[in-house]
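# Observations on the model geometry
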Amino acid sequence: MFTYQQKTFDLANFDHLSDQTIFEQTDNSHARARYRRFLANAIRYLPPKQREVIPLYFLDGLKMAEIAQQLGVSKSTVSRRLAAARHTLRELAALCEKSGLFPS
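Read on for an overview of the structure.

Side chains bearing opposite charge may pair, as long as their charged atoms lie close to each other. Inspection of the entire model under this criterion finds one salt bridge. For Glu 52, the salt bridge goes to Arg 81, with nearest N and O atoms at 3.0 Å. Of this pair, Glu 52 sits in helix α3 (residues 48–59) while Arg 81 sits in helix α5 (residues 75–99), and the two are 29 residues apart along the sequence.

What follows is the structure, encoded as structure tokens:
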């Protein structure tokens, strides 16, 4: 979703690839903040069972087995809920991108 201006390097300048300044040349902090706000709002509109696994997996860093134990469901159920939530969030992001909310 986020891009930076990529420069072309030849093999003779291979040492230059480790130079971090190529990543600092494009400031996309405004776009990142806009996407962060979108994501926070989009998560609120997910179905409750999908919404409950997102913070546990992505924010708390729990493994699927730990989430399954905490919620009292199977690991495959957690996996399906995460997949469904990701799919819905991708579709919403694509819709927002097409509408011009996010630069492509």
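Our focus in this paragraph is the environment of Ala 68. Within the fold, Ala 68 resides in helix α4 (residues 64–71). Overall, the relative accessible area of 6% leaves Ala 68 in the buried class. Considering only alpha carbons, one finds Ala 68 and Val 53, 15 residues apart in sequence, at a separation of 9.2 Å. Setting aside chain neighbours within four positions, we find Ala 68 in contact with Val 73, Ser 74, Lys 75 and Val 78.

Moving on, we get to α3. For α3, spanning 12 residues, the distance from its first C-alpha to its last is 17 Å, which sits close to the expected 16 Å at 1.5 Å a residue. Listed in full, the buried residues belonging to α3 are Gln 50, Val 53, Ile 54 and Leu 56. Buried residues along α3 sit against α2 (29–44), α4 and α5. Phi for Gly 61, located one or two positions after α3, is positive at around 70°.

Calculation criteria
Counting restarts for each chain, with residues numbered from 1 along the sequence as it is written. With the structure being a predicted model, the display of local features is reserved for residues of pLDDT at least 70 and the display and counting of side-chain atom pairs for 80 or more, all residues being used for whole-chain, interface and lining totals. Excluding hydrogens and water, the side-chain figures rest on all heavy atoms present in the structure. A carboxyl oxygen of Asp or Glu within 4 Å of a side-chain nitrogen of Lys or Arg is what we treat as a salt bridge. Runs of E in the DSSP output that reach at least two residues are strands. Runs of H or I that reach at least four are helices, and both are numbered from the N terminus. The buried label goes to any residue with under 20% of its type's maximum accessible area, the exposed label to any with over 50%, and the partly exposed label to all in between, with areas taken from a 1.4 Å probe on protein chains only. Working rule for contacts: check all heavy atoms of both residues, and any pair within 4.5 Å makes them a contact. Here, expected helix span is obtained from the residue count minus one, scaled by 1.5 Å.

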